[in-house]
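# What the coordinates show
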Amino acid sequence: MYSNSNSSQNLQRTHRKNIFYSIILFPWRMILATIDFMIIAIQCFNPKNIDIMRIAFRNLLRNKRRTILISISISGAIIGLTWMSGWMVGMIQEMNQMVIKGGLSHVQISDEKYRDDPGLQYCIQQPSEIINQIKDIEGIENISPRISVESMISSAGNSSSILLQGINPEIEKEISLVGESIIDGDLFSINNGKYIIISQSIASKLNVKVGSKCVIMGPNALGEVEMESVKVGGFYKTGYADYDQYFAFVSLPTIQKMFGLDDAITTIAISVNDKVEPTIIRNEIRSILHDSDTSLEVVSWIEIAPTMVQLMNDMEGMMYAFYSIFYIAMAFGLVNTMLMAIFERRRELGVLLAIGMSPRKLKTMIMLEAVYITTFAGLFGTFVAIGLSELLIPDGLDLAIYAEALETFGLSTKIPFIYSWEAMVIPFVSAILFGMIAGFFPARRASKMNPVESIRAI
Amino acid sequence: MIKIKNLEKIYNSKTIPVHALRGVDLHINSGEYLSIAGPSGSGKTTLLNILGGLDSASVGSVKVNDIEITDLSKKELTNFRLQNLGFVFQSYNLVPVLTASENIEFVLRLQNISKSESNKRTAEMLEAMGISEYADHLPGELSGGQQQRVAIGRALVTNPKLVLADEPTANLDSETASGLMDIMEEMNRKLGVTFIFSTHDPMVMDRAKRLIRIVDGKVAEDTIK
């Protein structure tokens, strides 16, 4: 005979021992579970399991309402994520474009003191020699010599501070924003002499039009103010307020003559191929120039604008954080659905184990159901996201009402939806992966069922 | 072929034990056609489950064709069931999303038998069961008797040494039940498969060549007819 207090104490002792061993064994169990997951995940794509795949697929059609409901919720999450990442990638690319095409370019060569004290006293005296040394580097698309001077522009009515840039318009139109943003006049008019290209916002401020006369003035290498009378050759509008309020362009010869610079320039701006990392080109230029001129500094845009780089990285990190939240929520929903499905089918699953189906094949079958749901829902969600984006906002997301805030991040008011692999493939593939993880736990549970008890289940 | 020695099964041994089997000794020869009868709770289903490797023995030895199944691991038992046994259940327990032929073929595919060989053997079994015309029907589209024929076909298609049938006629009318027993007797004669029925059905008990009665977890009667 058992006394009640004895058996109760024994139970408590057993319970405490079980908790203790559970804690000790937890890491080992996690490792085993991870290995098991990887084995089952591979089995899901093994063509020898075609019969299991068939059953898994048909099982989804047994309760169409449930399958449709969970698929809709997963599709909704994928649509949201694809859209969000499409816009995020678009924003990051816009920021990237603004930073690189907005003056920094991919790589810059300047005097080693120029970045700390940007003035004409720190010029590159023989730029053509340097350009000849580096022009054959693979990956370089354009090399643009520039002169930049903090200046003033004045008209009869008003004046404005500007960053006056001396450029070669043939090259510059390929690598900077101004080339694609002319709205009146002609960028190449600056080749005809003392012409200037200004933004529409500066023009409005100065109350000038194409052909109007203005005066530009800025400090030379000695700090003395030089002046020149110029005509407005054209207007540009990039949509980036920071850029538009600041940059003005004249030809290189005009600015060199104005400040008595001969052939000197302040920076050599280099654009590189999309497939090449700017830092690789930077390193190659450094190694070429190292022996010939040690007074030069070669930097990539990443070093010039670390805050922007950090901001872009933060945005990317935020995107992945959103992914995680969505997927965890989706996984919980899927786990719940799968557990319900297994509970309803426990007798059938017990019979399958009884007639000789291995627990591994059973786990594969159940995980496949999760994979199919997430695959179909993921595909559907991705196509709907892209389709809706093309249909409703083909020209990009117009955020004009947030223009002021967007300026802070160097963004224009139109954010394009970018069909990058990040925007389309990552949400889709991640959904399948999370689906597999979500399906794994119910699968494991099912494979551990006692066939005898399951067969008896009503 | 089956040697059971001093078989005991005790449930909940650490708290209040329940002795489902209390020292069963049996010797069953290859090709026998026998039924195990007894009142509810007598232990007949437990005995069948242990023979089928679905449950473990607490004490004793069970050898099937010289394989000591009480020593097999879970994985080995699964393989043992697949290669050596066939099961027929009271509620048919077919996979509802597979057709009749797919249900039969499925166990052959679990054994990694080629598609062509599986198709051939499945077609032969459907013919033997008299349900070739229902090959592409789902279980939900078949009568109880037809479903049980599919279940028997599934149990026999792998050429098992032993078929365990737990109340196979319980959900069927007498005519259908008799027809099924005809088929199983024929398979027993032709293929030499050992059939063990767990049953309350007097018709099944009458048609069996040997009757074993289990009462309170012990063999109370063992009659060869």
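Every residue gets a number counted from 1 within its own chain, in the order that chain's sequence is written. Numbering of ligands from 1 and lettering of chains from A proceed in the order in which they are written. Local features in this predicted model are restricted to residues of pLDDT 70 or higher, and side-chain atom pairs are both shown and tallied only at a pLDDT of 80 or more, whereas totals for entire chains, interfaces and linings draw on every residue.

Another aspect to go through is the overall build of chain A. Strands are runs of DSSP state E lasting at least two residues, helices are runs of H or I lasting at least four, and both sets are numbered from the N terminus onward. Check the secondary structure of chain A and you find 16 helices and 12 strands. Projected onto its principal axes, the C-alpha positions of chain A cover 110 × 50 × 50 Å. Here chain A, with 458 residues, has 41% of them falling under the buried criterion. Residues are defined as contacting one another if the C-beta atoms placed from their backbone atoms lie within 7 Å. For chain A, restricting intrachain contacts to residue pairs at least 6 apart in sequence, the fraction spanning at least 24 positions comes to 80%. Any residue with 12 or fewer other C-beta atoms within 10 Å of its own C-beta is exposed, any with 20 or more is buried, and the rest are partly exposed; the C-beta atoms used are placed from the backbone.

Residues and elements named next belong to chain A. On strand β6 (residues 213-219), burial follows the alternation: Cys214, Ile216 and Gly218 on one face are buried, whereas Lys213, Val215, Met217 and Pro219 on the facing-out side are not. Pairing between strand β2 (residues 140-154) and β6: 3 bridges, direction antiparallel. Note that in β6 the partner of Ile153 across the bridge is Ile216. If DSSP finds at least two bridges between two strands, the strands pair. In the sheet, β6 pairs with strand β7 (residues 225-236) via 7 bridges, with the strands oriented antiparallel. Looking at β7, one finds that Lys213 is bridged to Lys231.

All names here are of chain A. Ile196, Ala248 and Met367 are the most contacted members of the largest nonpolar core, which totals 180 residues. Residue contributions to this core peak at 17 residues, all from helix α3 (residues 64-104). Discounting chain neighbours no more than four positions away, the residues touching Ala248 are Ile153, Ile162, Leu164, Ile196, Ile197, Ile198 and Ile202. For this analysis, nonpolar core means a set of buried Ala, Val, Leu, Ile, Met, Phe, Trp, Tyr and Cys residues linked through C-beta atoms within 7 Å.

Turning our eyes to something else, we now look at helix α12 (residues 346-354) of chain A. When α12(A) is considered as a whole, its buried residues turn out to be Leu349(A), Gly350(A), Val351(A), Leu352(A), Leu353(A) and Ala354(A). Elements that come into contact with the buried residues of α12(A) comprise α11 (306-344), α13 (359-392), α15 (421-447) and α16 (451-456) of chain A together with α2 (74-84) and β6 (85-88) of chain B. Positioned one or two residues after α12(A), Gly356(A) has a phi angle of 120 degrees, which is positive.

Glancing now at the sheet that holds strand β5 (residues 67-68) of chain B. Residue and element names in this part refer to chain B. Pairing is antiparallel across the open sheet formed by 4 strands, whose spatial order is β2-β1-β4-β5. With one partner strand each, in any of the chains shown, β2 (18-28) and β5 form the two edges of the open sheet. Sheet topology note: the strand β1 (residues 2-11)/β2 ladder contains 8 bridges and is antiparallel. Across the sheet, Lys3 pairs through a bridge with His27, a residue of β2.

Before going further, it helps to spend a moment on unusual backbone geometry. Peptide bonds are, in most cases, trans, and in most cases residues other than glycine have a negative phi. Residues and elements named next belong to chain B. At Tyr92, a residue that is not glycine, the phi angle is positive and equals roughly 65 degrees. Within the secondary structure, Tyr92 sits in the loop between β6 and α3 (100-110). With 23 C-beta atoms packed within 10 Å, Tyr92 lands in the buried category. Here the phi dihedral of Asn159 falls at roughly 55 degrees; this positive angle occurs in a residue that is not glycine.

Residues and elements named next belong to chain A. For strand β5 (residues 195-199), the tally of buried residues reaches 5 of 5 residues, placing the bulk of the element in the interior. Of the two faces of β5, the one holding Tyr195, Ile197 and Ser199 and the one holding Ile196 and Ile198 are both buried throughout. For β5 and β7, the ladder comprises 5 bridges, and the chain directions are parallel. Bridge pairing links Ile196 to Val232 in β7.

Turning our attention to the interface of chain B and chain A. Between chain B and chain A, the residue contacts involve 17 residues of the former and 17 residues of the latter. Only α2 and α3 of chain B provide two or more residues apiece to the side of chain B that touches chain A. The residue makeup of the side of chain B that touches chain A, split by class, is 10 nonpolar, 4 polar and 3 charged. Polarity classes work like this: nonpolar for Ala, Val, Leu, Ile, Met, Phe, Trp, Tyr, Cys and Pro, charged for Asp, Glu, Lys and Arg, and polar for all others, with Gly in that last group.

Moving on, we come to the environment of Ile78(A). All names here are of chain A. You can see Ile78 is positioned in helix α3. Here Ile78 falls in the buried class, since 28 other C-beta atoms lie within 10 Å of it. When the C-alpha positions of Ile78 and Thr374 are compared, they lie 9.6 Å apart, and in sequence the two are 296 residues distant. Once residues lying within four places of it in the same chain are set aside, the contact partners of Ile78 are Ala377, Gly378, Gly381, Thr382, Pro427, Phe428 and Ala431.

Moving on to the packing of α3(A) against α13(A). All names here are of chain A. At a closest axis distance of 7 Å, the pairing of α3 and α13 adopts a crossing angle of 45 degrees. Between α3 and α13, the angle is such that the two are oblique. In this structure, α3 meets α13 at a crossing whose hand is right-handed. Every residue of α13 that contacts α3 at Thr67, Ile70, Ser71, Ile74, Ser75, Ile78, Ile79, Thr82, Trp83 and Gly86 is listed here: Ile373, Thr374, Phe376, Ala377, Gly378, Phe380, Gly381, Thr382, Val384, Ala385 and Ser389. A class-by-class count of the residues in the contact of α3 with α13 yields 11 nonpolar, 10 polar and no charged. For every element, the axis is a line fit to its C-alpha atoms; helices are fit only across the contacting stretch, and the angle between N-to-C directions ranges from 0 to 180 degrees. Oblique is the label for every angle not falling under 35 degrees (roughly parallel), over 145 degrees (roughly antiparallel), or within 65 to 115 degrees (roughly perpendicular). It is the rotation of the near helix from the far one that decides the hand of a crossing: anticlockwise by less than a right angle makes it left-handed, clockwise makes it right-handed.

All names here are of chain B. Spatially, 6 strands are ordered β6-β7-β8-β3-β9-β10 in an open sheet, and the strand pairing comes out mixed. Among the strands making up the open sheet, the edge pair consists of β6 and β10 (218-224). Across the sheet, the mean angle separating the axes of adjacent strands is 15 degrees when strand polarity is ignored. Sheet analysis places strand β9 (residues 210-215) next to β10, joined by 6 bridges and oriented antiparallel. Among the inter-strand pairings, Ile212 is bridged to a residue of β10, identified as Asp222.

Let us now look at the confidence of the model for chain B. Confidence scores labelled pLDDT are given residue by residue by the predictor and lie between 0 and 100. Residues with a pLDDT of 70 or more make up 99% of chain B, whose mean pLDDT is 90. The complex prediction reports pTM at 0.74, with the ipTM value standing at 0.90.

By convention here, the domain bounds are inherited from an automatic or database domain assignment. In terms of domain boundaries, chain A breaks down into domain 1 (40-94 + 310-456) and domain 2 (113-294). Between domain 1 of chain A and domain 2 of chain A, the C-alpha centre-to-centre distance is 50 Å.

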